Amino acid sequence: MIPRNKPEYLYVHVPFCKGICHYCDFAHTVYDQARADQWLNALEKEILYREIRPDLKTVYIGGGTPSSLNESQLEKLLSLIAPYSRHICEYTMEVNPETLTKAKAQIMADYGISRISIGFQCAQPEMLAKLGRHHTKEDVLNAMELLRSYGIDNISLDLMYSLPQQTMDMLKESIDTALSYRPKHLSLYSLTIEENTVFGKRGVQPLDEDTEADMYEYICRTLPQHGFEQYEISNFALEGFQSVHNRAYWTYRDFAGVSCGASGKEGLLRYDHTSSLKEYLQDPLKTSDIPLSKEDAMFEMVMMNLRLKEGMSLDLFQKTFGISFEEAFHGKYEQLTDSAQLCMENGMLRCTEQSWHILNSVLSALL
Ligand code: SF4
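Residues numbered from 1 in each chain as written. Predicted model: local features only at pLDDT ≥ 70, side-chain atom pairs only at ≥ 80, totals over all residues. Heavy atoms only, no water.

A word on the overall build of the protein chain. In terms of regular secondary structure, the protein chain is built from 16 helices and 17 strands. Across its three principal axes, the protein chain shows a C-alpha extent of roughly 55 × 50 × 40 Å. Positive and negative side-chain charges of the protein chain, numbering 35 and 51 respectively, have mean locations separated by a distance of 5 Å. (Helix = DSSP H or I, 4+ residues; strand = E, 2+ residues; numbered from the N terminus. Lys, Arg positive; Asp, Glu negative; His and termini not counted. Charge placed at Lys NZ, Arg CZ, Asp CG, Glu CD.)

As structure tokens, then:
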């Protein structure tokens, strides 16, 4: 039986944003001070109810836009988490540049925020406007400089590619600009157009698959030339700056999630909070529990770990499920190693260089 432990990793979802980006389908609502006060009260109730361990390794405050809270709300949020974050090794908060102030940066530093993730997306003002973003590239640089002046230098930038009408030159300019801002970590995601987004409703089309593949190939080739190791399919870091929290997801650790829109996993149980703020305010303790079968969990563990360049520890798989990977995926595993899509080396199972970028087809073969 897979052990159910108290998670050492906590995700907190802040469901407010300044505006709604045209490609976004995350759980969020436009910031309103009174609603944010109500949400904080509900969150306090949930945090007190959940048995969060006092020695968390990481906390990740995402959203939404955590920095859209006003200063006293931000302080209250961080004070709610403070009893659990005394021994923390990485404390991340997502920030959008246009909502950051000196006072907020000071509060973040005071409460030990050690890592910031900023949505940069792209360098062109007209493209940012098309995406429904409310900042410029200069705002991103100013936010980074402000954070650095408060001692927070571990900054990750999110970039998007395969945007409508984006050219390779535009992508190159975005990457060059982002690199010139000296981040420690970069995440690059291709645009997916979901039906329920502004883009989806307007019928906006993404770029064709070949151009998207060329862009991804350019990204994977260029960033390592600047010292950024590609340690996960979409993530690149300077040495010592891989995301500890996100690695916990990819290595299939248990994690707790609080607030509306958040999920958690403890052993063979996954739970989801409602994504509706209204429902969360009515009952912040309610979650939908999804029991996982051992087979589901085994597949999920492989699926998440193979996103990492280093792959999955075979020993950890065996310890977690009481069965070796070879036995659990007998027949399929041999097929994938014979066709050079999976390999085992030094106790790790990983994709080969060619198959890593077509992970979905490897996973379909394992299913
Ligand atoms: S992309 Fe981020 S900032 Fe934009 S609406 Fe979605 S959660 Fe909010």
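Pairing within the open sheet is antiparallel, and its three strands lie in the order β15-β17-β16. Among the strands making up the open sheet, the edge pair consists of β15 (312-313) and β16 (342-345). Relative to strand β17 (residues 348-351), β15 runs antiparallel, the two sharing two bridges. Each bridged residue has a counterpart across the sheet, and for S313 the counterpart in β17 is M348. (Pairing = 2+ DSSP bridges.)

What follows covers the pattern of salt bridges. Per the stated rule, a full pass over the model turns up 15 salt bridges. Measuring nitrogen to oxygen at the nearest pair gives 3.8 Å for the salt bridge that ties E229 to K309. Taken together, the positions of E229 in strand β9 (residues 229-232) and K309 in the loop between α11 (294-305) and β15 put the pair 80 residues apart, joining distant regions of the chain. When the shortest N-O distance is used, the salt bridge between R350 and E345 registers 3.0 Å. Classification of R350 by relative accessible area gives partly exposed; the value is 22%. Relative accessible area serves as the criterion here: at 44%, E345 is assigned to the partly exposed category. (Salt bridge = Lys/Arg side-chain N within 4 Å of Asp/Glu carboxyl O. Buried < 20%, exposed > 50% of the residue type's maximum accessible area, 1.4 Å probe, protein only.)

Moving on, we get to the sheet that holds strand β14 (residues 288-291). A sheet is described by the order of its strands in space; here three strands give the open sequence β12-β13-β14, paired in antiparallel fashion. Looking at strand neighbours, the two that pair on one side only are β12 (263-266) and β14, the edges of this open sheet. When the angles between neighbouring strand axes are averaged without regard to direction, this sheet yields 20°. Bridge count for strand β13 (residues 269-272) against β14 is four bridges, and the pairing is antiparallel. Opposite D272, over in β14, you have S288 as the bridge partner. (Axes fitted to C-alpha atoms, helices over the stretch in contact; angles between N-to-C directions.)

A word on the pairing of strand β7 (residues 155-161). With respect to burial, β7 is a largely interior element, six of its seven residues being buried. When strand β6 (residues 115-121) meets β7, the two strands line up parallel, connected through five bridges. Bridging across to β7, G119 finds its partner in D158. Following the backbone out of β7, through helix α6 (residues 168-180) and into the adjacent parallel strand β8 (residues 185-190), one traces a crossover that is right-handed. (Right-handed = clockwise from strand over helix to strand, strands pointing away.)

Bringing the pairing of β6 into the picture now. The buried fraction of β6 amounts to seven of the seven residues, a majority that puts the element mostly inside the structure. One ladder, built from four bridges, connects strand β5 (residues 90-95) with β6; its direction is parallel. Bridging across to β6, T92 finds its partner in R115.

With that out of the way, let us pick up a negative patch on the surface. On the surface, E126, D169, E173 and D176 cluster together into a negatively charged patch. With three residues, α6 is the single largest residue contributor to the negative patch. Positionally, E126 belongs in helix α4 (residues 125-131). On the basis of relative accessible area, E126 is assigned to the exposed category, the value being 52%. (Patch = residues over 30% accessible without salt bridge, like charges linked within 9 Å, V, L, I, M, F, W, Y side chains within 5 Å. Areas by Shrake-Rupley, 256 points an atom, 1.4 Å probe, with all protein chains shown as cover.)

In this section: the site of the ligand. Residues in contact with the ligand, as listed here, are C17, G19, I20, C21, Y23, C24, F26, H28, G64, T65, N96 and R133. Partitioning the shell around the ligand into residue classes produces six nonpolar, five polar and one charged. (Near = heavy atom within 4 Å. Nonpolar A, V, L, I, M, F, W, Y, C, P; charged D, E, K, R; others polar.)

A word on α11. Over its twelve residues, α11 extends 16 Å from the first C-alpha to the last, a length consistent with the 16 Å expected when each residue adds 1.5 Å. Those residues of α11 lying buried are A297, M298, F299, E300, M301, V302 and N305. As for α11, its buried residues are in contact with α9 (244-250), β13, β15, α12 (314-321), α13 (325-328) and α16 (359-366). (Expected span 1.5 Å × (residues − 1). Contact = heavy atoms within 4.5 Å.)

The next thing to look at is the packing of α11 against α12. At a closest axis distance of 11 Å, the pairing of α11 and α12 adopts a crossing angle of 165°. Overall, the two elements α11 and α12 adopt an arrangement that is roughly antiparallel. As α11 runs across α12, the sense of the crossing is right-handed. Contacts between α11 and α12 involve K294, A297, M298, M301 and V302 on the former and, on the latter, L316, F317, T320 and F321. Looking at the contact of α11 with α12, its residues break down into seven nonpolar, one polar and one charged. (Parallel < 35°, antiparallel > 145°, perpendicular 65-115°, else oblique. Left-handed = near helix turned anticlockwise from the far one by under 90°.)

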